[in-house]
Amino acid sequence: MRKGGPSINSGFPSTSSGGKQNPKPMHIINERLKRLEPQETKCAYCGVDHSKNMEDNCFIPLFKEQDRTNVIVYRSVKFKKIPVGIPRCQSCMNIHESAANKAKLYAWGIALGVVVFCIAV
Ligand SMILES: [Zn+2]
């Protein structure tokens, strides 16, 4: 953790109509993997840790609605569906993975129970 240091420019869009400089993009398009990768590394889930690996991030598919959507800024590439990365640290990834595995186990348990029940009856 480093503290101090000049960090006045926090990236928040100012409400003034000046617009001196372009705000730093939140996401950049990875054309090879066809997804929006977050520039921010601070975990969006716990807000404490930082993601060290792009693959640790959570990619949620986002569907393009119309041309007016502000998310798609890269106009020469047309996407119907694009995964948008949410910065996620490794510990949050582990939590999510284990939760997903638990849900999978639970589903399998129910399925097995139903099968056993059907066989028994
Ligand atoms: Zn986290």
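Nothing here was measured: the structure is a model prediction, and the numbers come from that model. (Residues numbered from 1 in each chain as written. Predicted model: local features only at pLDDT ≥ 70, side-chain atom pairs only at ≥ 80, totals over all residues.)

A.B. asks: What is the right way to read the overall build of the protein from this model?
C.D. replies: Each helix and strand in the protein was counted, giving 1 helix and 4 strands. Mapped in sequence order, the helices and strands of the protein form the string β-β-β-β-α. Every one of the 121 residues in the protein was classed for burial, and the buried ones make up 12%. Once local pairs closer than 6 in sequence are excluded, the contacts in the protein between residues at least 24 apart make up 60%. (Helix = DSSP H or I, 4+ residues; strand = E, 2+ residues; numbered from the N terminus. Buried ≥ 20, exposed ≤ 12 C-beta atoms within 10 Å, placed from the backbone. Contact = placed C-beta atoms within 7 Å.)

A.B. asks: Any chance you could explain unusual backbone geometry here in plain terms?
C.D. replies: What is expected of a backbone is that most residues other than glycine have negative phi and most peptide bonds are trans. One non-glycine residue, K34, adopts positive backbone phi at about 50°. You can see K34 is positioned in the loop between β1 (27-30) and β2 (35-38). For K34, a count of 12 C-beta atoms within 10 Å translates into the label exposed.

A.B. asks: I'm lost on helix α1 (residues 90-120) in this one. Help?
C.D. replies: Owing to its 3.6 residues per turn, the α-helix aligns residues three or four sequence positions apart on the same side. Over its 31 residues, α1 extends 44 Å from the first C-alpha to the last, a length consistent with the 45 Å expected when each residue adds 1.5 Å. Little of α1 is tucked away: 1 of the 31 residues are buried. (Expected span 1.5 Å × (residues − 1).)

A.B. asks: Explain the pairing of β1 here, please?
C.D. replies: Side-chain positions along a regular strand alternate between the two faces of the sheet. Bridge count between β1 and β2: 4 bridges; the pairing is antiparallel. When the bridges of β2 are listed, H27 appears paired with P38. Hairpin connection from β1 to β2: 4 residues lie between these consecutive antiparallel strands, with K34 at a positive phi of about 50°. (Pairing = 2+ DSSP bridges.)

In short, shape yes, function no, at least from these values alone.
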